[in-house]
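Coordinate analysis (summary)
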Amino acid sequence: MTHYACLFEAKSIQEYILRSGRLRHIVGASELIDSLTGAMLDNVFRELKVKEAVNGEVRCSRRAGGAIYLFTDDQNKRDAFRDLWALVVRQYAPGLSFIMANGEGKNDFEAYQAAKKQLETMRNRQPPALPAGTPVTRYSSRTGLPASSRHSKLGLQDAASEQFGQDVFWKRGSLVQRFAPDSKSTDWPRELEYDPDGELGSVEFPFLPDNRYLGLLHADGNGLGQVLINLTAYIKQHPENFIAVFRDFSNAIQTATTAAANAATVAVLTKARTPHINSNDGVYPARPIVLGGDDLTLLIRADLALKFTEEFLTAFEVKTEEQLKELRKRYPQITALPEKLTAGAGIAFVKSSHPFYMTMELTEGLAKFAKNCAKDCAKQHKTNEHQPNERIPPTVAFYRVTTASHGDYRDVREQELTFCGDPHPIVTSLGAYGVDPQPFGLPALADVQALAKVFAKEDVARGPARQLLTLIGQDVDDARRRYARWRDVMKNRAPATLNDIDDLLTKLCGKLKDDLPVSDAINKDNAHITPLADLATLLTLGKTPTPPADQSQETRNA
């Protein structure tokens, strides 16, 4: 008997959600994407009069994270689904890029492999953007795409933005309930600004006074690719278990990610809820964007971003351990399943007026950089070459956007965070931080946060310490003189605090140079390193007190 496969994957989901920049559209797009492989897919199955189950006439090994892997023994059913689903997606999610591929084989696994080859070749093909613009077409000012309607307040809108703004999406609340099951849609912000003429039920983002920074957070699991390779090796010997094993593994990861997001919400966001007339218990200072598979994307108030990330990464490791333990009990013959998984995260801090779609590439680049650093660390820490599942430590990288345009994080690191030294360059960010209390081979997030708390003390002359970051990029000799003067002031004013600063910098960088707060040794890129840029970010975003008015002139001018 021939088996048939149809694989569907949505592309660039985060960019699609964020491209308008208006929070209400982001909310609507998030809910639309969240419903795509859930309620909408069920509706399509009902319309085709088929039932989806592990051993049913239509089977799915995956239906989450914007992806559907469907299998059947009936070619007509496969082709009918392919044709209808492509039409539905184009109407339901206008402008969403996606790829689809068919495959056939003696069993579901062979059909999957055949379709997967086609899918991989299609990933590099740019599909045409529809509808196409013409010389007489008018365009949406927010997205630059052909307009399909005119809104009374927003003006010309493209088809996707018009869809996102429908009440059925932006008032839905299904995605946010996975973060906080007891919450309502009005408990989460829908607007960045207060709009006195807004619709009933409008909820603005609860910023801190005089701080309108947001963190765009993206977290992604470590080692998923290797686990899938290991599972594939097992399935090659036992193809009859393909659907059940891959579906159960996908569900396990989805369950763990949701549970971790829920745990981080309880630990951080619930405690920071802000009273609002439309929310009885207060508004959460965040807005979920994506929660699917091992991915999480979230807009969050800047001062809470690192704490939420730390809680999520810690909980993700715990929850995956619980889920994979149950999976190993169900499939004891599979020896390739790891005990647990970890994740890496990236956070781009931006002003609320910054275009979010421009920031997503940077956020994903930060997460990728953090994960790569963790993998390099795991390789160095590997004590037994026969241990293929060496734990990859959870890591986070962050960056505060201060320019109008930016690209990938590696470009930012090279062009904005690296300065000429004498004789070696100086990199002013440590890049990735380990979330573990004492991460092997990585600077600890707890140490740089502790350093920021020390600099927030009233007895610390913070001004010149922040100026060092600028001076290193302009005049290293002037930076050395200013640093020496600052140390003299601190020795007289707060010698114990200065010792704390030296100890923390040594923990983060290793042995320090005598004339600058940078590492004495050079790293693999032949550069000295210092956390000054990261420290400046934390001081800008955190709740650091203003120096008292009676602070001595000598300290302020040091």
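Rules used throughout
- Residues numbered from 1 in each chain as written.
- Predicted model: local features only at pLDDT ≥ 70, side-chain atom pairs only at ≥ 80, totals over all residues.
- Heavy atoms only, no water.
- Pairing = 2+ DSSP bridges.
- Helix = DSSP H or I, 4+ residues; strand = E, 2+ residues; numbered from the N terminus.
- Axes fitted to C-alpha atoms, helices over the stretch in contact; angles between N-to-C directions.
- Contact = heavy atoms within 4.5 Å.
- Buried < 20%, exposed > 50% of the residue type's maximum accessible area, 1.4 Å probe, protein only.
- Expected span 1.5 Å × (residues − 1).
- Polar contact = N/O pair within 3.5 Å; in protein donor to acceptor, adjacent residues only side chain to side chain.
- Core = buried A, V, L, I, M, F, W, Y, C linked by side-chain atoms within 4.5 Å.
- Salt bridge = Lys/Arg side-chain N within 4 Å of Asp/Glu carboxyl O.

**Thoughts on the sheet that holds strand β2 (residues 58–64)**
On the basis of which strands lie adjacent, the open sheet formed by four strands has the order β2-β3-β1-β4 and antiparallel pairing. Of all strands in the sheet, those with a lone pairing partner are β2 and β4 (98–105), marking the two edges. The average angle at which neighbouring strand axes cross in this sheet is 10°, direction not considered. Docked against the sheet, helix α2 (residues 23–48) engages β1 (3–10), β2 and β3 (67–72), running at close to 155° with respect to β2. Across the sheet, helix α9 (residues 242–269) lies against β2 and β3, angled at about 25° from β2, the strand it touches most.

**Quick word on the pairing of β3**
The buried fraction of β3 is high, at six of six residues. Alternating positions in β3 separate into two faces, Ala67, Tyr69 and Phe71 on one and Ile68, Leu70 and Thr72 on the other, with burial throughout. Alignment of β1 against β3, held across six bridges, turns out to be antiparallel. Bridge pairing in β3 links tyrosine 4 to threonine 72. Taken together, the six bridges between β2 and β3 define a ladder with antiparallel strand orientation. Residue pairing for β3: cysteine 60 is matched across the bridge by leucine 70. Linking β2 back to β3 in an antiparallel pair, the connection comprises two residues, with glycine 65 at a positive phi of about 60°.

**A short note on helix α3 (residues 75–92)**
One turn of an α-helix holds 3.6 residues; hence residues three or four places apart share an orientation. Taking 1.5 Å as the rise per residue, α3 with 18 residues should run 26 Å; its terminal C-alpha atoms sit 25 Å apart, in good agreement. As for α3, its buried residues are in contact with β1, α2, β3, β4, α5 (159–164) and α6 (167–170). For α3, the side-chain oxygen to backbone nitrogen distance between the N-cap and asparagine 76 is 2.8 Å, and the N-cap itself is aspartate 74.

**Some thoughts on the nonpolar core**
If you look at the biggest cluster of nonpolar residues, it comprises 101 residues, and the most contacted ones within it are Phe179, Phe249, Leu269, Leu296, Phe308 and Phe312. Setting aside residues up to four positions removed in sequence, phenylalanine 312 forms contacts with Ala219, Thr257, Ala260, Ala261, Ala264 and Leu296. With 61 residues, the next largest nonpolar core counts Met100, Phe169, Trp170 and Phe356 among its residues.

**With respect to the pattern of salt bridges**
Tallied over the full model, the rule gives 35 salt bridges. Here arginine 59 and aspartate 73 are joined by a salt bridge, their closest N and O atoms 3.0 Å apart. Taken together, the residues arginine 59 in strand β2 and aspartate 73 in the loop between β3 and α3 connect sequence positions 14 residues apart. Since its relative accessible area comes to 6%, arginine 59 is described here as buried. A salt bridge links arginine 481 to aspartate 478, with the nearest nitrogen and oxygen atoms 3.9 Å apart. Within this pair, arginine 481 and its partner aspartate 478 are both found in helix α15 (residues 476–493), separated by three residues, close to a single helical turn. What makes arginine 481 exposed here is its relative accessible area of 54%. Ionic contacts of the salt-bridge type, sharing partners, join the residues Glu31, Asp34, Arg172, Arg178 and Arg287 into one network.

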